[in-house]
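Each chain is listed here by its residues.
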Amino acid sequence: MAAEGRWQSGDFWQSGDFPAGQRFEAWQDLLRDVYGALDVDRPVGPDFEARVSHHAVGGFQIADCICDPCAGGRTRRHIGADARETLTLQLTLAGTEIFTFDGETVELGPGDVLIWNSTRPIRFDVTQRLHKISVTMPLARLRSWMPTTWHSIDRRLPRALPGAGLLSSVIGTLSPAFLEGTLTNADALTESVLGLLVNVLGPERSTPDTPRAAQLRVVKAHIAAHLGDPGLTPSAIAGACRISLRHLHSLFEGEGTTVRQYVIMERLLRCRREFENPRMAWRSITDIAFGWGFQNATHFSRRFKAAFGRSPQDFREDYRAASIMAASDRAARISIQ
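All values reported here derive from a predicted model rather than from experimental measurement.

Calculation rules
- Residues numbered from 1 in each chain as written.
- Predicted model: local features only at pLDDT ≥ 70, side-chain atom pairs only at ≥ 80, totals over all residues.
- Heavy atoms only, no water.
- Helix = DSSP H or I, 4+ residues; strand = E, 2+ residues; numbered from the N terminus.
- Buried < 20%, exposed > 50% of the residue type's maximum accessible area, 1.4 Å probe, protein only.
- Contact = heavy atoms within 4.5 Å.
- Areas by Shrake-Rupley, 256 points an atom, 1.4 Å probe, with all protein chains shown as cover.
- pLDDT = per-residue confidence, 0-100.
- Phe/Tyr/Trp six-rings, centres within 6.5 Å; stacked < 30°, edge-to-face > 60°.

### Describing the overall build of the protein
For the protein, the helix and strand inventory stands at 12 helices and 10 strands. Counting across all 337 residues of the protein, residues that qualify as buried make up 49%. Once local pairs closer than 6 in sequence are excluded, the contacts in the protein between residues at least 24 apart make up 71%. As presented, the protein carries roughly 15700 Å² of accessible surface, and 54% of it is formed by carbon and sulfur atoms.

### A short note on the confidence of the model for the protein
Averaged over all residues, the pLDDT of the protein equals 83, while 88% of them reach at least 70. Of the regions scoring below 50 in pLDDT, residues 1–9 engages in 21 contacts with residues more than four places distant in sequence or in other chains.

### Focus on the packing of aromatic side chains
Centre distance and the angle of the planes are the two values used to describe a pair of aromatic rings. Within the structure shown, the criterion is met by 13 aromatic pairs. Here the aromatic rings of W13 and F18 are separated by 5.6 Å at their centres, their planes lie at 35 degrees, and the arrangement is tilted. Summarising the aromatic geometry, the rings of F300 and F304 are spaced 5.8 Å apart at their centres and angled 50 degrees between planes, so their arrangement reads as tilted. Of this pair, F300 and F304 are both found in helix α11 (residues 297–308), four residues apart, which corresponds to roughly one turn of the helix. You can call F300 buried: its relative accessible area is 2%. Its relative accessible area of 0% is what places F304 among the buried residues. Among the aromatic residues, those joined into a ring-pair cluster are F275, F294, F300, F304, F308 and F315.

Shown next, in the form of structure tokens:
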């Protein structure tokens, strides 16, 4: 993408800012920045138009998108090259979009909500001019809420489904405030949206626990308790949990990730929380990273940027600036009242 059009969190992006010959590349770069590694089919015709408002705080982000018909997809090759593991709730406001997961086709119309995560191949086809709002969060948080069934939750919540209207309403109400930068606590927003989602799905959508799922919970509990240990290798985890290394790898294969990727992401999430915590402002970035098991500052910085779109330093400064601005706005509103 041309330097003048480089995407920044909180910007408004529109295709009209680019010459016709650069719009396809700009559109593809934008979607990759927002949703992760993917390929976009070249839009038909030079008049392709799209507008996107986007804002991100930590691992929580919202994108409000209006676009002409287009298509693309995310393959296993993209998944293997992408360090981010995310959960996205998409509310369709107007138009039609068709998604394909593992051969299953889902058509979305106005009022429908789509649930999808970045660990599975996916293809999208916008067949009518589309307006949608996408709320994206770390997938690890859904795994904490639904450790045994996160991978099998419904991908489409029709507008007629009891509770789906409430979820749609919350997404629609939350979006403007977040895009304006008045909401800044990423963890609180993530937990609030996920809590509502779990309630909408309801207990009847759960599946019985299995020995394999129970074993995976034990493994994850051990990992959570020892994230700060640099020696937390797959071999050490397998030994502590009294299972074979091969079986340990197979447990995570069922989740679409690897043991190492899971450990790294959990460490990154812990570091991000401390960067957002004003009580940790006195600690250096390297100190926090090493405290959560990383041993190389350059490696940590590269991993963090791949997962959250910004370097640790930029993330920390942006979050601090956003918090100060939000506090100033609140004080101003109170003084006016």
